[in-house]
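The residues making up each chain are set out below.
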Amino acid sequence: EKVSVWQYIAKIDGLTDGEKIFYRVRSGNDISQIYFFRSAPRKGEMFKFSQMSDLQGLPDCHKTVYKIGLHHPDLILYSGDMTYISWRLDQWFDTKEPWQSDDTRKHAFFPCMQQQNGARLMQYCPFFLCPGNHEVDDLRTCTDIKFSQIDRNWNWSIFMQMFRPLYDVSDT
């Protein structure tokens, strides 16, 4: 079954340090609500950041992420294991399909990172991601020592399909 995933990336030049930038996304007739983020702080100015990893869509991960969002970080670093099984669509997105349980919907990576109700997460600050071992296409790299020692078995094609524009073209 084919699934369409849309990604919008904008590059903004000429920002002033600490500037609050408002934006929304329009796609056809769909228009998002208005969000904002701040440009990089002035030199020496304090800022808040959050570092997360290994949520893997586990139960209650949405509660942990929500609490982080209530602190309104200026930057979020995520160091791997966004999902448990990267090739499962329902671990990344709310598919709106009847086979996806309500719990899986709220634990899926993107819905979890885009919570509202006072939390400021992915829509409100720079979000830097690094793939972990659970983002590899074949989890045998995590369970089979001989399999994991073969370089070609470490493949992040699903991760890179979603996040390739965030990486410099020379990083291939």
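Shown above is the structure to which this text applies.
Every value quoted in this text rests on a predicted model; they were computed, and no experiment measured them.

Calculation rules
Residues numbered from 1 in each chain as written. Predicted model: local features only at pLDDT ≥ 70, side-chain atom pairs only at ≥ 80, totals over all residues. Heavy atoms only, no water. Helix = DSSP H or I, 4+ residues; strand = E, 2+ residues; numbered from the N terminus. Buried < 20%, exposed > 50% of the residue type's maximum accessible area, 1.4 Å probe, protein only. Contact = heavy atoms within 4.5 Å. Areas by Shrake-Rupley, 256 points an atom, 1.4 Å probe, with all protein chains shown as cover. Lys, Arg positive; Asp, Glu negative; His and termini not counted. Charge placed at Lys NZ, Arg CZ, Asp CG, Glu CD. Polar contact = N/O pair within 3.5 Å; in protein donor to acceptor, adjacent residues only side chain to side chain. Core = buried A, V, L, I, M, F, W, Y, C linked by side-chain atoms within 4.5 Å. Pairing = 2+ DSSP bridges. Right-handed = clockwise from strand over helix to strand, strands pointing away. Phe/Tyr/Trp six-rings, centres within 6.5 Å; stacked < 30°, edge-to-face > 60°. Disulfide = S-S within 2.5 Å. Salt bridge = Lys/Arg side-chain N within 4 Å of Asp/Glu carboxyl O.

Novice: Which parts of the structure should I look at to understand the overall build of the chain?
Specialist: A tally of regular secondary structure across the chain gives six helices and seven strands. The order of α-helices and β-strands along the chain, N terminus first, is β-β-β-β-β-α-β-α-α-β-α-α-α. Taking the principal axes of its C-alpha atoms as reference, the chain extends roughly 50 × 40 × 35 Å. Sorting the 172 residues of the chain into buried and exposed places 34% on the buried side. For the chain, contacts bridging at least 24 residues in sequence account for 57% of all contacts bridging at least 6. Put simply, the chain shows about 11,600 Å² of open surface, and 54% of that area lies on carbon and sulfur atoms. Separation between the mean location of the 20 positive side-chain charges and that of the 22 negative ones in the chain comes to 5 Å.

Novice: How should I be thinking about the side chain of Asp81 in this particular structure?
Specialist: By secondary structure assignment, the location of Asp81 is in the loop between strand 6 (75–79) and helix 2 (102–107). Looking at Asp81, its side chain comes within polar contact range of the main-chain nitrogen of Asn133, at 3.3 Å. When residues no more than four places from it in sequence are discounted, the contact partners of Asp81 are Asp54, Leu55, Gln56, Gly132, Asn133, His134 and Glu135.

Novice: Help me out: how do you make sense of the nonpolar core in this one?
Specialist: Considering soluble globular proteins, one finds that nonpolar side chains tend to be buried as a cluster. Counting 22 residues, the largest nonpolar core has Tyr78, Phe109 and Met113 as its most contacted members. When residues of this core are traced back to their parent elements, those giving at least two are helix 1 (61–70), strand 6, helix 3 (109–113), strand 7 (127–130) and helix 6 (157–163). Ranked by the residues each element gives to this core, the list is headed by helix 3, at four residues. For Phe109, the contacting residues outside a window of four places in its chain are Tyr78, Met82, Gln91, Trp92, Met122, Phe127, Leu129 and Phe163.

Novice: Help me understand the pairing of strand 6, please; the structure alone is not making it clear to me.
Specialist: Regular strands show a simple pattern: their side chains alternate between the two faces of the sheet. Relative to strand 6, strand 5 (residues 49–52) is paired through four bridges, and the arrangement is parallel. Bridge pairing in strand 6 places Phe49 opposite Leu75. On the question of chirality, the crossover connecting strand 5 to the parallel strand 6 by way of helix 1 is right-handed.

Novice: It is not clear to me how the packing of aromatic side chains should be interpreted in this structure. Could you clarify?
Specialist: Each aromatic ring pair is summarised here by two numbers: the centre-to-centre distance and the angle between the ring planes. If you walk through the whole model with that rule in mind, you get twelve aromatic pairs. Taken together, a centroid distance of 6.2 Å and an interplanar angle of 70° make the contact between Phe109 and Phe127 edge-to-face. On the criterion of sequence distance, the pair formed by Phe109 in helix 3 and Phe127 in strand 7 is long-range, its members being 18 residues apart. Residue class for Phe127 comes out buried when judged on its relative accessible area of 13%.

Novice: I would appreciate a short explanation of the state of the cysteines in the present structure.
Specialist: Here, disulfide denotes a covalent bond that connects the sulfur atoms of two cysteines. Counted according to the given criterion, the structure contains zero disulfides. Looking at the unpaired Cys112, the closest cysteine sulfur is the one in Cys61, lying at 4.0 Å. When its relative accessible area of 3% is taken as the criterion, Cys112 is described as buried.

Novice: Please clarify how the side chain of Glu135 should be interpreted in this entry.
Specialist: Structurally, the position occupied by Glu135 is in the loop between strand 7 and helix 4 (140–143). It turns out Glu135 is buried and unbridged, and the closest side chain with the opposite charge, Arg88, is 13 Å from it. One polar contact links the side chain of Glu135 to the main-chain amide nitrogen of Met82, over a distance of 2.6 Å.

Novice: Explain the pattern of salt bridges to me, please; I cannot follow it from the model alone.
Specialist: Think of it this way: side chains of opposite charge can pair up when their charged atoms draw near. Enumeration according to the criterion identifies four salt bridges in this entry. Taking the shortest distance from any N to any O, the salt bridge between Glu45 and Arg42 comes out at 3.1 Å. One salt bridge in this structure joins Asp90 and Arg88, with 2.7 Å as the shortest N-O distance. Classification of Asp90 as buried rests on a relative accessible area of 4%.

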